[in-house]
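Descriptive structure summary
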Amino acid sequence: MKEKLSGRFIVLDGPDGCGKSTQAELLVNWLSERGVTTSRFRDPGDTDIGEKIREILLNPEHLSMSTQTEVLLYMAARAQLWIEKIAPALQKGHCVVLDRWLSSTCAYQGWAGRFGMDKVIDIATDCLERIWPDVTIILDVDLKTAQQRLNRQLDRMESKSDGYHKKVRDGFLKLAGQREDFYIVDAGRKPETVHQDILQLISEVSFK
Ligand code: TMP
């Protein structure tokens, strides 16, 4: 497992309320217990610049923000995260576990926001040294279950309409259907069951 996962780039993504952060934590603990040096980051965030961009993006006062602005800000935070944190960690041979990535911009802005997934990918290709992780795991959850889990004050993105969030889920499933390096896990179940599925999947994946 140590050899297999060193220098690998694993993304957990999915709709709000899918439980990515819990799953990322469980996965990182499991990897660390097996001697895999792991770095965990969240996108957007985890750099000084990225955290400031995150605050602008999620601030509920910024209701007038356009989808185009969202695309550029998410991409800017990501470019900084790549250069400052992800690339150096991968170079050191760490296994990088990331909470969200380009797949989110495809599903939220590209599909639900109607910007266009292909246009999102084109911009990413121009801005990022590397756009696709080794593996992307989409934690799929229906809107009702997701909403029950978001039992707190919602940020600007979470506050968007039910219709928007339904499309976000469709966007993730659509993208996963197009890519061989994407896997879908049913995240509507108990965290431990989902965790076991993720471990199974990672042990079965043959990295290119
Ligand atoms: P998080 O709270 O899961 O870290 O994500 C922040 C919010 O930003 C969440 O509602 C999803 C949204 N988002 C996008 O709309 N586009 C993106 O590219 C990313 C990374 C997140």
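That block above? That's the structure.
Computed from a predicted model, the values in this text were never measured in an experiment. (Residues numbered from 1 in each chain as written. Predicted model: local features only at pLDDT ≥ 70, side-chain atom pairs only at ≥ 80, totals over all residues. Heavy atoms only, no water.)

For the rest of this paragraph, the subject is unusual backbone geometry. The linkage connecting D43 with the following residue, P44, adopts the cis geometry, with an omega of 5 degrees. Mapped onto the secondary structure, P44 falls in the loop between β2 (38-42) and α3 (48-58). Unlike most non-glycine residues, D46 shows phi in positive territory, near 65 degrees. On the secondary structure map, D46 appears in the loop between β2 and α3. With a phi angle near 65 degrees, R114 is a residue other than glycine that sits in the positive phi range. You can call R114 exposed: its relative accessible area is 67%. (Helix = DSSP H or I, 4+ residues; strand = E, 2+ residues; numbered from the N terminus. Buried < 20%, exposed > 50% of the residue type's maximum accessible area, 1.4 Å probe, protein only.)

Turning to the layout of surface pockets, a few remarks are in order. Reported here for the largest pocket is a volume of approximately 650 Å³. Lining of the largest pocket is provided by 34 residues; of these, D16, K20, S21, D99 and R100 occupy positions nearest its centre. Contributions of two or more residues to the lining of the largest pocket are made by α2 (20-33), β2, α3, α4 (67-91), α5 (102-112) and α9 (191-204). In the lining of the largest pocket, the residues fall into 11 nonpolar, 8 polar and 15 charged. (1 Å grid on protein atoms, 1.4 Å probe; cavity = no way out; pocket = protein on both sides within 12 Å on 5 of 7 lines; lining within 4 Å. Points joined across faces, edges and corners; volume = space filled by probe spheres on them. Nonpolar A, V, L, I, M, F, W, Y, C, P; charged D, E, K, R; others polar.)

As a structural note, the neighbourhood of the ligand is formed by 14 residues, with D16, Y74, R100, T105 and Q109 the closest of them. Within the side chain of R54, an N or O atom sits 3.0 Å from an oxygen atom of the ligand. Measuring from an oxygen atom of the ligand, one finds a side-chain N or O atom of R78 at 3.1 Å. In the complex, 94% of the free accessible area of the ligand, which totals 470 Å², lies under the protein chains. With respect to the pocket detection grid, the ligand is positioned in the largest pocket. Elements with a minimum of two residues in the shell around the ligand: α3, α4 and α5. The element best represented in the shell around the ligand is α5, accounting for 4 residues. Of the residues that constitute the shell around the ligand, the class distribution is 5 nonpolar, 3 polar and 6 charged. (Near = heavy atom within 4 Å. Polar contact = N/O pair within 3.5 Å; in protein donor to acceptor, adjacent residues only side chain to side chain. Areas by Shrake-Rupley, 256 points an atom, 1.4 Å probe, with all protein chains shown as cover. Sits in = over half its atoms within 2 Å of the grid points.)

With that settled, consider α3. In an α-helix, one full turn covers 3.6 residues, which means residues spaced three or four apart are oriented alike. Looking only at α3, the buried set comprises G50, I53, L57 and L58. The buried residues of α3 all sit within an arc of 120 degrees when viewed along its axis, so they share a single face. Of the exposed residues in α3, the ones pointing more than 90 degrees away from its buried face are D48 and K52. Next to the buried residues of α3 lie α4. (Arc of directions from axis to C-beta. Contact = heavy atoms within 4.5 Å.)

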